[in-house]
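# Structure assessment
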Amino acid sequence: MLEELDKLINFIQKEYINFTKKWKQSDYYSKINIKNTLVCNVLENKTLLDTIINYREFINENNIQLVMDFKKFSTETSKVNIRTKSKNSIEYKIKNYIENHENGKVPINKCFNDLFGIRIICKDELTYTQIADLINNKYNDLKCINSSKKDYKATHIYFKKDNYSFQWELQIWNKVDEINNIESHEKYKQDYVKWESENKGGNK
């Protein structure tokens, strides 16, 4: 299972670099330092929000190819899927950070580290230590985090080229934790769903 994960990480890293290069060459791109720019600045500068939304749109334009690229990594022992954060979810996250995280005085790269996400669900269990050792030995430019909290059990890996590139997130779940993780996500999203129902004008 660790070998399968290694192949997926290696593929994501190459795919991410190529995609980021295309993004920076596209008409959508605006140069933003996501480490130095704060979430609260998004409300003051429409260009910042437009750039985040445009990145999402650029992903969606390439979604069919991305789905095909990642589909081949689903096997009998693992399931791989991808998702792009919705426009409403982006707007809600900004609101949530401003209200609940230091008045939004948090770098954009910490808030929007998952505009594009990949998830692998492993039939054979992998521990955080096993995954972290793999990253430390082969991919020391990647960030590996034990994201387990309460009922949610997972390891997250973040791909980042530089401070002018949005990150990609890889979630690693064990099959045994899948149901609890989904239920945990649903609990987390309850406030978002309530907010979304009160703001039906937003686009998904």
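Only a predicted model underlies this, so the values are computations on that prediction, with no experimental measurement involved. (Residues numbered from 1 in each chain as written. Predicted model: local features only at pLDDT ≥ 70, side-chain atom pairs only at ≥ 80, totals over all residues. Heavy atoms only, no water.)

## Re the pattern of salt bridges
If charged atoms from side chains of opposite charge come close, those side chains can pair. Summed over the entire model, instances satisfying the criterion amount to 13 salt bridges. K79 serves as the salt-bridge partner of E178, at 3.2 Å between the closest nitrogen and oxygen. Of this pair, E178 sits in helix α8 (residues 178-198) while K79 is found in strand β1 (residues 78-84), placing the two residues 99 residues apart along the sequence. D114 serves as the salt-bridge partner of K85, at 3.5 Å between the closest nitrogen and oxygen. With K85 in the loop between β1 and α5 (87-100) and D114 in the loop between α6 (108-111) and β2 (116-122), the pair connects residues that are 29 residues apart, well separated along the chain. According to the relative accessible area criterion, D114 is buried, its value standing at 9%. Among the charged side chains, a network of salt bridges with common partners joins R83, K85, K93 and D114. (Salt bridge = Lys/Arg side-chain N within 4 Å of Asp/Glu carboxyl O. Helix = DSSP H or I, 4+ residues; strand = E, 2+ residues; numbered from the N terminus. Buried < 20%, exposed > 50% of the residue type's maximum accessible area, 1.4 Å probe, protein only.)

## Some words on the packing of helix α1 (residues 2-25) against helix α4 (residues 63-71)
Relative to each other, α1 and α4 sit at 160°, their axes nearing to 11 Å. Regarding the angle of α1 to α4, the classification is roughly antiparallel. Helix-helix and strand crossings are classified by hand; for α1 and α4 the assignment is right-handed. From α1, L8, F11, I12, E15 and F19 reach across to α4, where they touch L66, D69 and F70. For the contact of α1 with α4, the residue count by class is 6 nonpolar, no polar and 2 charged. (Axes fitted to C-alpha atoms, helices over the stretch in contact; angles between N-to-C directions. Parallel < 35°, antiparallel > 145°, perpendicular 65-115°, else oblique. Left-handed = near helix turned anticlockwise from the far one by under 90°. Contact = heavy atoms within 4.5 Å. Nonpolar A, V, L, I, M, F, W, Y, C, P; charged D, E, K, R; others polar.)

Any link to function would need more than the numbers given here.
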